[in-house]
Amino acid sequence: MDAVLRAFALYLILLVLLRLTGKRSLSQVTTFDFVILLIVGEASQQALLGEDFSVIHAALVIATLLLLDRASDYLAWRFGWFQRWTQSVPAILVEDGRPLNDVLEKFHLTEDDIVTAGREAHGLERLDQVKWAVLESSGGISVIPRSGAPSSGS
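Quick notes on the rules
Here the residue numbers are simple positions, counted from 1 along each chain's written sequence. Only residues with pLDDT of at least 70 get local features here, since the model is predicted, and only at 80 or more are side-chain atom pairs given and counted; chain-wide, interface and lining totals rely on the full set of residues. As a rule here, side-chain values come from all non-hydrogen atoms in the structure, and water together with hydrogens is ignored. Each reported salt bridge corresponds to a side-chain nitrogen of Lys or Arg within 4 Å of a carboxyl oxygen of Asp or Glu. Each helix is a run of DSSP H or I of at least 4 residues and each strand a run of E of at least 2, with the numbering of both proceeding from the N terminus. Exposure is judged per residue with a 1.4 Å probe applied to protein chains only, and the accessible area is read against the type maximum: over 50% gives exposed, under 20% gives buried, and values in between give partly exposed. Here a patch means residues that are over 30% exposed by relative accessible area and free of salt bridges, tied together within 9 Å if like-charged and within 5 Å if nonpolar (Val, Leu, Ile, Met, Phe, Trp, Tyr). Each accessible area value is a Shrake-Rupley result obtained with a 1.4 Å probe; residue values ignore everything except the protein chains displayed when judging cover. Two rings belonging to Phe, Tyr or Trp (six-membered ring only in the last case) form a pair when the distance between their centres is within 6.5 Å. Interplanar angles under 30 degrees mark stacking, angles over 60 mark edge-to-face geometry, and anything in between is tilted. Every residue carries a pLDDT, the predictor's confidence in it, which falls somewhere between 0 and 100. Here, any two strands with at least 2 DSSP bridges between them count as paired.

Draft legend 1. A look at the pattern of salt bridges. Under the criterion given, the structure shown has two salt bridges. In this structure, the salt-bridge partner of arginine 70 is aspartate 73, at a minimum N-O distance of 3.0 Å. In this pair, arginine 70 and aspartate 73 both sit in helix H3 (residues 55-78), three residues apart, roughly one turn of the helix. A residue is classified by how much of its surface remains accessible, and aspartate 73, at 16% relative accessible area, is buried. With a closest N to O distance of 3.1 Å, arginine 126 and aspartate 128 form a salt bridge.

In structure tokens form, the structure reads like this:
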């Protein structure tokens, strides 16, 4: 019965804390947000199993982590310097069909990675069909085709 009460209490705590900290779709979760979720999962697991970790202690750990994460999001939104300091910025990988090899090397990417992104998004077959390729803050590659290149679905 203790396990059921612990699970119920932790469920309510997580429900309230996650509702209070805001909504964010999985496509917007950063690597750091994912790590925070893993730590929250570990704290929850220990509280559920009762391994020398009370539900109150787990709630405090989880609340602290979530509040710090939301405070970091707020500071990044409010202050440009904080965002530049804590988050990555987009990087141009290809300009007018020419790969920027120093940038590709810096991020350990290949031309094939860009062609793959162009093929998946726009049906592009070659790098010279790419006007711009950008490594976004989220880690995805955005491709803007040159005019006259195949459109998506072709």
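Further notes follow.
Draft legend 2. Inspection of a nonpolar patch on the surface at higher detail. Residues Tyr74, Leu75, Trp77, Phe79, Trp81 and Trp85 make up a contiguous nonpolar surface patch of roughly 790 Å² in combined accessible area. Mapped onto the nonpolar patch, the elements with two or more residues apiece are H3 and helix H4 (80-86). The leading source of residues in the nonpolar patch is H3, at three residues. Relative to the assigned elements, leucine 75 resides in helix H3. According to the relative accessible area criterion, leucine 75 is partly exposed, its value standing at 30%.

Draft legend 3. Local environment of unusual backbone geometry. The residue aspartate 96 is not glycine, and still its phi comes out positive at about 50°. Positive phi, normally seen in glycine, also occurs at histidine 108, with a value near 55°. With respect to the helices, strands and loops of the structure, histidine 108 is situated in the loop between helix H5 (101-106) and helix H6 (111-122). Its relative accessible area of 72% is what places histidine 108 among the exposed residues.

Draft legend 4. Quick look at the packing of aromatic side chains. According to the stated counting rule, one finds three aromatic pairs in the structure shown. Ring centres 5.7 Å apart and planes at 45° place the aromatic pair tyrosine 74 and tryptophan 77 in the tilted group. With tyrosine 74 and tryptophan 77 both in helix H3 and three residues apart, the pair spans about one turn of that helix. Given a relative accessible area of 45%, tyrosine 74 falls into the partly exposed group. Of the residues examined, tryptophan 77 reaches a relative accessible area of 67% and is grouped as exposed. Judged by centre distance (6.0 Å) and plane angle (35°), the ring pair of phenylalanine 79 and tryptophan 81 falls under tilted. Since its relative accessible area comes to 53%, tryptophan 81 is described here as exposed. The rings of Phe79, Trp81 and Phe82 are connected pair by pair, giving a single aromatic cluster.

Draft legend 5. A look at the confidence of the model for the protein. In this model, the protein carries a mean pLDDT of 80, and residues with pLDDT of at least 70 account for 81%. The spread of mean pLDDT over the elements of the protein runs between helix H1 (residues 2-20), the lowest at 72, and strand S2 (residues 98-99), the highest at 96.

Draft legend 6. Molecular detail of the pairing of strand S4 (residues 141-145). Bridge analysis of strand S3 (residues 130-135) against S4 gives five bridges, and the strand direction is antiparallel. Residue pairing for S4: valine 134 is matched across the bridge by serine 142. In sequence, S3 turns back onto S4 through a hairpin of five residues, with glycine 139 there showing a positive phi of about 100°.

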